[in-house]
Amino acid sequence: MTIAVNPTQSGEPIFYLADEHPHPEGWSTSLGFWIYLMSDCLIFAILFATFGVLGGNYSAGPAPKDLFDLSLVAVNTSMLLLSSITYGFAMLTMAQNRIGATQMWLAITGLFGLAFIGIELTEFAHMIHEGATPQRSAFLSAFFTLVGTHGLHVSCGLIWLVTLMVQVWKFGLIEANRRRLMCLSMFWHFLDVVWIGVFTFVYLLGVLR
Amino acid sequence: MNTDTHAAHADHHHDDNSHGSLSTYLLGFVLSVVLTAIPFWLVMSGALPSKQITALVIMAFAVVQIVVHMIYFLHMNTKSENGWSMMALIFTIVMVVIALSGSLWVMSHLNSNMMPIHQMTGMK
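Quantities reported herein were computed from a predicted structural model and do not represent experimental measurements. (Residues numbered from 1 in each chain as written. Chains lettered and ligands numbered in written order. Predicted model: local features only at pLDDT ≥ 70, side-chain atom pairs only at ≥ 80, totals over all residues. Heavy atoms only, no water.)

**Q** I'd like a description of the overall build of chain B, backed by residues and values.
**A** What chain B contains, in helices and strands, is five helices and zero strands. Seen in sequence order, chain B has helices and strands lined up from the N terminus as α-α-α-α-α. A total of 124 residues make up chain B; the buried ones form 29% of that total. When contacts within chain B are restricted to residue pairs at least 6 apart in sequence, long-range pairs at least 24 apart make up 53% of them. (Helix = DSSP H or I, 4+ residues; strand = E, 2+ residues; numbered from the N terminus. Buried < 20%, exposed > 50% of the residue type's maximum accessible area, 1.4 Å probe, protein only. Contact = heavy atoms within 4.5 Å.)

**Q** Describe the overall build of chain A, and please don't skip the residues or the numbers.
**A** Tallying secondary structure elements over chain A gives six helices and two strands in all. Ordered by position from the N terminus, the helices and strands of chain A form the series β-β-α-α-α-α-α-α. Across its three principal directions, the C-alpha atoms of chain A cover 85 × 45 × 25 Å. Here chain A holds 209 residues, and the buried ones make up 50% of them. When contacts within chain A are restricted to residue pairs at least 6 apart in sequence, long-range pairs at least 24 apart make up 76% of them. Between the centroid of the 8 positive side chains of chain A and the centroid of its 12 negative side chains there is a distance of 8 Å. (Lys, Arg positive; Asp, Glu negative; His and termini not counted. Charge placed at Lys NZ, Arg CZ, Asp CG, Glu CD.)

**Q** Lay out the UniProt feature "transmembrane region" (unreviewed entry) in chain A with the relevant residues and their values.
**A** Residues and elements named next belong to chain A. Mapped onto the present numbering, the UniProt feature "transmembrane region" (unreviewed entry) falls on residues 33–55, 67–92, 104–126, 138–166 and 186–208. The span residues 67–92 carries 92% helix and 0% strand; its end-to-end C-alpha distance comes to 40 Å. Taken end to end, residues 104–126 is 100% helix and 0% strand, and its first and last C-alpha atoms sit 33 Å apart. (UniProt positions renumbered as here; feature names shortened; annotations may be inferred.)

**Q** Outline the side chain of B:Ser32, listing residues and values.
**A** Following the sequence through the fold, B:Ser32 ends up in helix α2 (residues 22–45). Relative accessible area serves as the criterion here: at 0%, B:Ser32 is assigned to the buried category. Here B:Ser32 is in contact with A:Leu81, B:Gln65, B:Val68, B:His69 and B:Phe73, once residues within four sequence places are set aside.

**Q** Explain the UniProt feature "transmembrane region" (unreviewed entry) in chain B residue by residue, including any values.
**A** All names here are of chain B. UniProt's entry tags residues 22–43, 55–74 and 86–107 with the feature "transmembrane region" (unreviewed entry), counted in the numbering of this structure. Helix makes up 100% of residues 22–43 and strand 0%, whereas the separation of the span's terminal C-alpha atoms amounts to 32 Å. Counted over residues 86–107, helix gives 100% and strand 0%. Its end C-alpha atoms are 31 Å apart.

**Q** Residues and numbers for helix α4 (residues 84–113) of chain B, please.
**A** A rise of 1.5 Å per residue sets the reference length of α4(B), with its 30 residues, at 44 Å; its end C-alpha atoms lie 43 Å apart and thus fit the reference within 8%. B:Ser85, B:Ala88, B:Leu89, B:Thr92, B:Val96 and B:Ala99 are the residues of α4(B) that are buried. The secondary structure elements touched by the buried residues of α4(B) are α1 (29–54) of chain A together with α3 (51–72) of chain B. (Expected span 1.5 Å × (residues − 1).)

**Q** So what's going on with the pattern of salt bridges? Residues and values would help.
**A** All names here are of chain A. The tally for this structure, following the rule as stated, stands at one salt bridge over all chains. The shortest N-O distance in the salt bridge between Arg179 and Glu25 comes to 3.5 Å. You can see Arg179 sitting in helix α6 (residues 175–208) and its partner Glu25 sitting in the loop between β2 (14–17) and α1, a full 154 residues away along the chain. With a relative accessible area of 64%, Glu25 lands in the exposed category. (Salt bridge = Lys/Arg side-chain N within 4 Å of Asp/Glu carboxyl O.)

**Q** Describe the interface of chain B and chain A, naming the residues involved and giving the relevant values.
**A** Listed by partner, the interface residues are 48 residues for chain B and 51 residues for chain A. In total, about 4,300 Å² of surface goes out of reach between chain B and chain A, with carbon and sulfur atoms giving 81% of it. Linking chain B with chain A are zero salt bridges, by the criterion used here. Linking chain B with chain A are three residue pairs in polar contact (both at pLDDT 80 or more), by the criterion used here. (Buried area = accessible area lost by both parts, 1.4 Å probe. Polar contact = N/O pair within 3.5 Å; in protein donor to acceptor, adjacent residues only side chain to side chain.)

**Q** Let's hear about the nonpolar core: which residues, and what values?
**A** Generally speaking, soluble globular proteins have nonpolar side chains that are buried together. Counting residues in hydrophobic clusters, the biggest one holds 77 residues, and the most contacted among them are A:Trp34, A:Phe68, A:Phe143, A:Leu181, A:Trp195, A:Val202 and A:Tyr203. For this core, the elements supplying multiple residues, two or more each, are α1, α3 (70–95), α4 (99–129), α5 (138–171) and α6 of chain A together with α2, α3 and α4 of chain B. (Core = buried A, V, L, I, M, F, W, Y, C linked by side-chain atoms within 4.5 Å.)

**Q** Can you break down the state of the cysteines residue by residue, with the values?
**A** Residues and elements named next belong to chain A. Summed over the entire model, instances satisfying the criterion amount to zero disulfides over all chains. The thiol of Cys41 is unpaired, and the distance to the nearest cysteine sulfur, on Cys183, comes to 17 Å. Taking the relative accessible area as the measure of exposure, Cys41 reaches 22% and is therefore partly exposed. (Disulfide = S-S within 2.5 Å.)

**Q** Kindly report on the packing of α4(A) against α6(A), identifying the contributing residues and their values.
**A** All names here are of chain A. Here α4 crosses α6 at 30°, and the two axes come no closer than 14 Å. As the angle between them shows, α4 and α6 are arranged roughly parallel. Of the two possible hands of crossing, α4 and α6 adopt the one that is left-handed. Along its contact with α4, which presents Leu106, Thr109, Gly113, Phe116, Glu120 and Glu123, the element α6 presents Leu181, Trp188, Trp195 and Tyr203. Here the contact of α4 with α6 is composed, by residue class, of six nonpolar, two polar and two charged. (Axes fitted to C-alpha atoms, helices over the stretch in contact; angles between N-to-C directions. Parallel < 35°, antiparallel > 145°, perpendicular 65-115°, else oblique. Left-handed = near helix turned anticlockwise from the far one by under 90°. Nonpolar A, V, L, I, M, F, W, Y, C, P; charged D, E, K, R; others polar.)

Listed below in structure tokens is the structure:
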């Protein structure tokens, strides 16, 4: 941007280039990451809309009532919720510069995440074994796409978590690692928010149908 | 003007490092547990007389729990990033509402306007 000033009577404008002020590294990372999360939110919105449209098309196959075990879903939900609070503890201990405690809470978060993925895969394997494959009906295609995409996100989050634990182990709680851990924190809590939609609209409303 | 911008950037960098406190995390967790347990209990026990009412109630619980997560876990407020994260969130909510309600509305109309198969086979 240029600003024209005319201090003289000659009519010749003098131009000053506005300074591009320096930004500290990573100052805009959290906003950028938030915007990424919002775009991810749109992906999930489309998958929810697809499930909403196709969720009742069983093609004479199994319905949610025949497939879903709500007590298992409740256990799964609590795994994700517990991993959210333990990640919160990791962030709190990080703010206090307690590196050992941070690593421990990150590890516990990872174990809860792993339990979540394990239970979900067991559920999928059980469904597929019973013949409720993604090819069976439009309902099942939409179900596996939506819940599978969420599970894939959690799996990526787990890989990211292990990567950051190695980073913290090698380099300590440096500024860059704090920023990365904060991004993962947003990602992890965001996945828990998406799961609220999944257990309400897919599982609870599905069984109610 | 330039120094002001610098100060604003430095401030906001410090803001990012506040991650709530133990009490807000625990409060968020307890609220989430309650807001998760009630809908599961409602569906599994069939405590409410009609399915429509149960469906509306559990959807209301989901909305409240999403707000709780946003505030206590994602530390969402109107001030972070000078309000830009809130703007991005509001824009996303508008898009999500349009995509969801639009898809469901259009497709349900399309469904009810489809000619039943037994009538279609009679037409030549």
